[in-house]
Amino acid sequence: MIVNNIEFIDEDAELFPDGSVYDAILAQDTIIQDIPCAGNRSVVFYSSGQLQLCWLSSTTILDHLPCAGDLVLYLHENGRLLNVSLASDYQINQVLYSSGSRLTFDETGELLEYSESLDMDRLVEGLPCSSQFVVWRYANGRPSLIVLSSSHVIRRKEYPRDAEVFLNKDGEFIDWRLVDLESGQHYKQRVFGAIEGEYW
């Protein structure tokens, strides 16, 4: 299937009513809207035709950021980055963010949230955090999403080890859920923290 000079795999392709592509798998590595998109991976478009999601086929610079290849990338409808993994250390507003961190931005390019890997279980803002999951922080540095490495009391209520806890920008509790935390287990990490994108 070829749409707008882009070759897609027909199987499981989803189209908008006008026949344009919503979600489909690229037949090969393809440059779409100046972004190197990986073949045999899904790409998603807004109804406007703007690219919404792709897997990068190579490391590339977008909005001045070094974006890691072979990882999923999300875009706002205005074309600005929504969520991306850093290919190398990068400084924003005099704060250095480590290679491999995922960053989430608003439509103007303002940083909203970022992930941080821990080399061992440790306290983050007084919360015992598991190193088996990344810690998500708001741009102000306060944690937005953590997984407890041990039981902990928050607002006079005790939450168990394995609790994934959501917090607001002021550090106040929002919600929680239980995850299955087993020592030595390799866990799939979230690409977004407490702030989620449109595509889910």
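Values in this document were obtained by computation on a predicted structure and should not be read as measured data.

1. Describing the packing of aromatic side chains
For any two aromatic rings, the description comes down to two numbers: the centre-to-centre distance and the angle of the planes. As enumerated under the stated definition, the model contains six aromatic pairs in all. For the ring pair Tyr74 and Phe192, a centre distance of 4.9 Å and an interplane angle of 75° mean the geometry is edge-to-face. In this pair, Tyr74 sits in strand E10 (residues 72-75) while Phe192 sits in the segment after strand E23 (173-178), placing the two residues 118 residues apart along the sequence. Overall, Tyr74 belongs to the buried group, its relative accessible area being 9%. Relative accessible area serves as the criterion here: at 1%, Phe192 is assigned to the buried category. An aromatic cluster of three or more residues is present, and its members are Tyr159, Phe173 and Trp176.

2. A few points about the environment of Leu73
By the secondary structure assignment, Leu73 is in strand E10. Residues in contact with Leu73, not counting those within four places in the same chain, are Ile35, Gln52, Leu53, Cys54, Leu56, Leu62, Leu81, Asn83 and Val84.

3. Describing unusual backbone geometry
Even without being a glycine, Arg155 presents a positive backbone phi close to 50°. Positionally, Arg155 belongs in the loop between strand E20 (152-154) and strand E21 (157-159). The backbone phi angle of Arg156 is positive, close to 70°, even though this residue is not glycine. The residue Arg156 is located in the loop between E20 and E21 in this model. For Arg156, a relative accessible area of 84% translates into the label exposed.

Basis of the calculations
- Position labels on residues start from 1 in each chain and follow its written sequence.
- In keeping with the model being predicted, local features are shown solely for residues with a pLDDT of at least 70 and side-chain atom pairs are shown and tallied solely at 80 or more, while totals for entire chains, interfaces and linings include all residues.
- Heavy atoms from the whole structure form the basis of all side-chain values; hydrogens and water molecules are not counted.
- Between rings of Phe, Tyr and Trp, where Trp is taken as its six-membered ring, a pair exists when centres lie within 6.5 Å; planes separated by under 30 degrees are stacked, by over 60 edge-to-face, and by other angles tilted.
- Helix and strand definitions follow DSSP, with helices as H or I runs of at least four residues and strands as E runs of at least two, each counted in order from the N terminus.
- Note on exposure labels: buried denotes an accessible area under 20% of the residue type's maximum, exposed denotes more than 50%, and partly exposed covers the range between, all computed with a 1.4 Å probe on protein chains only.
- Residue contacts follow a heavy-atom distance rule, with two residues in contact if any of their heavy atoms lie within 4.5 Å.

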